[in-house]
Amino acid sequence: MSDRFLTRQLVQLGLVGNALRPFRGPASIPAFFSGWLTGELAPHLLAIEAADTAVHVARHGVQTRRDALGLMAATANLAGYAALIAGGRRAGQEVEHALVAELGPDYPDAIARDPLPDDLNASWPSLALPFRMRNVDVARTRRLPYAPGGRRYEMDVFHHRDKPAGAPVLLQVHGGGWMIGEKEHQGIPLMLHMAARQWVGVSINYPLSPRARWPEHLIAVKRAMQWIREHVAEYGGDPSFVAVTGGSAGGHLAAMLALTAGDESLQPGFESVDTSVQACVPHYGVYDFTDESGARYARQRLNGLLRRYVMSRDARYPEDYRAASPISRVTADAPPFLVVHGRNDTLVPVVEARAFVDRLREVAKNPVVYAEIPGAQHAFDIFPSFRSAGVLRGVARFLEWTHATRDSRLVSGR
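Reading the values: rules and limits
- Residues numbered from 1 in each chain as written.
- Predicted model: local features only at pLDDT ≥ 70, side-chain atom pairs only at ≥ 80, totals over all residues.
- Heavy atoms only, no water.
- Phe/Tyr/Trp six-rings, centres within 6.5 Å; stacked < 30°, edge-to-face > 60°.
- Helix = DSSP H or I, 4+ residues; strand = E, 2+ residues; numbered from the N terminus.
- Buried < 20%, exposed > 50% of the residue type's maximum accessible area, 1.4 Å probe, protein only.
- Salt bridge = Lys/Arg side-chain N within 4 Å of Asp/Glu carboxyl O.
- Core = buried A, V, L, I, M, F, W, Y, C linked by side-chain atoms within 4.5 Å.
- Contact = heavy atoms within 4.5 Å.

A. Spatial organisation of the packing of aromatic side chains. A complete count under the given rule lists eleven aromatic pairs for this structure. Geometrically, the ring pair formed by Phe-32 and Trp-36 is stacked, given 5.5 Å between the ring centres and 10 degrees between the ring planes. Residue Phe-32 and its partner Trp-36 are both found in helix α2 (residues 28–40); the two are separated by four residues, about one turn of the helix. Both rings, one in Trp-36 and one in Phe-383, keep their centres 6.0 Å apart while their planes meet at 45 degrees; by these two values the pair is tilted. Of this pair, Trp-36 sits in helix α2 while Phe-383 sits in the loop between β8 (368–373) and α13 (386–404), placing them 347 residues apart in sequence. You'll find Trp-36 and Phe-383 in the same group, each marked buried. By way of ring pairs, the aromatic residues Phe-32, Phe-33, Trp-36 and Phe-383 are connected into one cluster.

Below, the structure is given as structure tokens:
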């Protein structure tokens, strides 16, 4: 029993250490999976660790050297979990500081429906059962086709059960390396939260690689925008105000949608449709296909996944890769951005987000908020956690602010 207890503690010690200071390079993918789950489920793992340690000590005491080593490792694990929890709880403050730094300390005054009170206590049920995501105030219509082509061209629509008219719209684009992913698996906490706040959420599927090749993914997202313009009012939505969000590859597609309005080459057969958006909130997105940001893993992506599976087989490097990179598509007319990225991200290095934000701030007229979340891995917002709840509330504030200030920014040119 002492051997098993020590082994469990040493395994957990490695997981906790990786969550606090993740492995990079060749180990970046396993480091992501283990660090992501360990960091976001730290409260649950702390409870399990405390119970395991208490039961072992109660039954067997500390009789051998292995018992003592296991108890020392368990103590370190408990301290590590506590540090992960404390870091997660500070994420909301980080986003708030970013909002104040870019929008000014009085930005909440513009928001008619104040989303600022800290309602973390109301989130305890979802934090305790993070994979049971629902809201009694929200209705969800599933599997609506937005274009011909089967389930990869389907969407879910979230709206308040009262279905108020003129609600702003939030479009969610899932991630998964352009090759995997489903609308049912990502963005659900944000969709439910905003729909409860009387927004209309639209979460879409899109064609996946390698069967689909760039730019088919983005063309599908723009087709979804066409559906929103024509049909979202049936669910209470205002088609004149659409914000877009997404994570990872979905963050890339969200940013590309925001930066390519009016590009007729990306709207074959529906060139005249207005696909502009009024705000963009990419999470841990991919912004650079040509290594302009200096991210050392970008070249590996280029030579691997992008070239073999995602980009068109006749794509030219660097021209076509640059055209598919948000960092190369920034213009002065870019809508307001809130870019969210985890500092511990081992799949998409944070330097890529920093370079993208620098380019936006150099060129764009509208505000660019950058929230870099300490301790956050890739995909930290998939399910409710202390960290994702804090970031979600900051995203809600930004979205509410962009909607509330839309007219005044149009007058001022911002």
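Further notes follow.
B. Highlighting the pattern of salt bridges. Here the structure, examined in full by the defined rule, presents 18 salt bridges. As a salt-bridge pair, Lys-183 and Asp-156 come within 2.9 Å of each other at their nearest N and O atoms. Of this pair, Lys-183 sits in the loop between β3 (167–173) and α7 (188–196) while Asp-156 sits in strand β2 (residues 154–160); the two residues are 27 residues apart in sequence, bridging distant segments of the chain. Side by side, Lys-183 and Asp-156 carry an identical accessibility label, which is buried.

C. Just the nonpolar core, in detail. In this structure, Tyr-146, Leu-171, Val-202, Phe-337 and Phe-356 are the most contacted members of the largest nonpolar core, which totals 62 residues. Top element by residues in this core is helix α9 (residues 249–259). It accounts for eight residues. Contact partners of Phe-356, with chain neighbours within four places excluded, come to Ala-255, Leu-259, Tyr-287, Pro-326, Ile-327, Val-330, Phe-337 and Val-339. If you look at the next biggest cluster of nonpolar residues, it comprises 42 residues, including Leu-99, Leu-190, Ala-195 and Trp-401.

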